[in-house]
Amino acid sequence: MTRDEEHFEMQPGEFKALGAGQIAYVKRMTSDDVSTLFPQAPHMEPGLNLWVLLNADGTPIMLTDSREAALANAAEHELYTVGLH
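Notes on the structure in this doc start here. Keep in mind the model is a prediction, meaning the values are calculated, not measured.

**What to know about unusual backbone geometry**
Argument step 1. One non-glycine residue, Glu78, adopts positive backbone phi at about 55°.
Argument step 2. Secondary-structure assignment places Glu78 in the loop between α3 (67–76) and β6 (80–83).

Structure follows, in structure tokens:
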């Protein structure tokens, strides 16, 4: 990390780690997109509305069919949650 009076600069690895283990994102997705985050997931009926909980660095934590379950899992692990649109 470098800093001077003019600007503040973070290296890519530092930015990626910002909030990891403390912040989680809750995002809606459809079953059509599940394989992008969960390659080992079994085939699902197309068009299902699902929710994913992601670590601040984008690492998927869990997939569920309810927003409440994603938020409960985050709270259980003491993660501050923010929504993604």
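And the narrative resumes.
**Some details on the pairing of strand β5 (residues 60–64)**
Argument step 1. Pairing analysis gives four bridges linking strand β4 (residues 49–55) to β5, with the strands arranged antiparallel. Bridged to Leu53 within β5 is Met62.
Argument step 2. The hairpin turn running from β4 into β5, its antiparallel successor, is four residues long, and Gly58 in that turn takes a positive phi close to 95°.

**Regarding the pairing of strand β3 (residues 23–30)**
Argument step 1. Pairing of β3 with β6 involves four bridges; the strand directions are parallel. Among the inter-strand pairings, Tyr25 is bridged to a residue of β6, identified as Val82.
Argument step 2. As paired strands, β3 and β4 are joined by seven bridges and run antiparallel to one another. Its bridge partner being in β4, Thr30 is matched across the sheet by Asn49.

**A closer look at the sheet that holds β5**
Argument step 1. Spatial strand order, β5-β4-β3-β6: four strands in an open sheet with mixed pairing. Of all strands in the sheet, those bounded by a partner on one side alone are β5 and β6. Neighbour-to-neighbour, the strand axes of this sheet turn through a mean angle of 25°, independent of strand direction.
Argument step 2. Across the sheet, α3 touches β3, β4, β5 and β6, and the angle it forms with β5 is around 145°.

Rules behind the numbers
- Residues numbered from 1 in each chain as written.
- Predicted model: local features only at pLDDT ≥ 70, side-chain atom pairs only at ≥ 80, totals over all residues.
- Heavy atoms only, no water.
- Helix = DSSP H or I, 4+ residues; strand = E, 2+ residues; numbered from the N terminus.
- Pairing = 2+ DSSP bridges.
- Axes fitted to C-alpha atoms, helices over the stretch in contact; angles between N-to-C directions.
- Contact = heavy atoms within 4.5 Å.

Scope: geometric values only; no functional claims are made or implied.
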